[in-house]
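# Descriptive structure summary
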Amino acid sequence: MPITIDSIISGMEWAAENHLAEFAFSAEGHRITIRRGAGDAPLPAQPAIEAAQAAPAAPEADAVTAPLAGLCHLRPESGGTAFVEVGARVEAGQTICVIEAMKMMTAIPAPQAGTVEAIMVGDGVTVEAGAPLMRIR
């Protein structure tokens, strides 16, 4: 099946409807990855074409990654104050977000003290194990 603009748009719409932070598919030796930006307001998906044989990018050295797949919650409760915001100073072990998997909540701690430079996921989006969540330096 060739990759067409209609198939890309269809994939983008499907990913947005399912509140996915990232969606990928491949055809004819090409891989299409659609990623959504972080923040409260959804950003338009941005398609990227990569070679199918390309090695996956290693997470950034200062990136905090998801230890398991599930829904990432940046707030302890809907409408509440975020655990952290960009520019916030965090201490090692401080909860920076929670991942919900099978109705179990797993607190994700800051691995080291530092400043939150970036939040790479949106509140309530589905993440895969190993997905970058935040960057702390």
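Residues numbered from 1 in each chain as written. Predicted model: local features only at pLDDT ≥ 70, side-chain atom pairs only at ≥ 80, totals over all residues. Heavy atoms only, no water.

Attention now goes to the sheet that holds strand β8 (residues 104-109). Ordered by their spatial adjacency, 4 strands build an open sheet running β8-β7-β5-β10, and the pairing between neighbours is antiparallel. Of all strands in the sheet, those bounded by a partner on one side alone are β8 and β10 (125-127). The average angle at which neighbouring strand axes cross in this sheet is 40°, direction not considered. (Pairing = 2+ DSSP bridges. Helix = DSSP H or I, 4+ residues; strand = E, 2+ residues; numbered from the N terminus. Axes fitted to C-alpha atoms, helices over the stretch in contact; angles between N-to-C directions.)

The bulk of non-glycine residues show a negative phi, and the bulk of peptide bonds are trans. Positive phi outside glycine occurs at Met 102, with the angle close to 55°. Along the polypeptide, Met 102 turns up in the loop between β7 (95-101) and β8. Backbone geometry at Lys 103 places phi at a positive 65°, although glycine is not the residue there. Topologically, Lys 103 is positioned in the loop between β7 and β8.

Now for the nonpolar core. Counting residues in hydrophobic clusters, the biggest one holds 20 residues, and the most contacted among them are Ile 96, Cys 97, Val 127, Leu 133 and Met 134. Within the residue set of this core, elements represented by two or more residues are β7, β9 (114-119), β10 and β11 (132-136). When sequence neighbours within four positions are dropped, the list of residues in contact with Ile 96 reads Val 64, Phe 83, Val 84, Val 90, Ile 108, Pro 109, Ala 110, Met 134 and Ile 136. (Core = buried A, V, L, I, M, F, W, Y, C linked by side-chain atoms within 4.5 Å. Buried < 20%, exposed > 50% of the residue type's maximum accessible area, 1.4 Å probe, protein only. Contact = heavy atoms within 4.5 Å.)

Before going further, it helps to spend a moment on the sheet that holds strand β6 (residues 89-90). Strand order in the open sheet formed by 4 strands is β4-β11-β9-β6, with antiparallel pairing between adjacent strands. Looking at which strands have only one partner, the edges of the open sheet turn out to be β4 (63-65) and β6. Looking at chain direction, β9 and β11 are connected through 3 bridges and run antiparallel. Across the sheet, residue Ala 118 finds its bridge partner in β11, namely Arg 135.

With that settled, consider the confidence of the model for the protein chain. As a general rule, the predicted coordinates of low-pLDDT regions are not to be interpreted in detail. Averaged over every residue, the pLDDT of the protein chain is 78; residues scoring 70 or more account for 71%. When mean pLDDT is taken per element in the protein chain, β6 scores highest with 96 and strand β3 (residues 46-51) scores lowest with 40. This stretch, residues 38-58, has a pLDDT under 50; its non-local contacts, to residues over four places away or in other chains, come to 34 contacts. (pLDDT = per-residue confidence, 0-100.)

This part is about the environment of Ala 66. Summarising the element assignment, Ala 66 is placed in the loop between β4 and β5 (70-73). Given the relative accessible area of 3%, Ala 66 is considered buried. With 64 residues separating them along the chain, Ala 66 and Gly 130 place their C-alpha atoms 4.9 Å apart. If sequence neighbours within four positions are ignored, Ala 66 has contacts with Ile 99, Val 127, Glu 128, Ala 129, Gly 130, Ala 131 and Leu 133.

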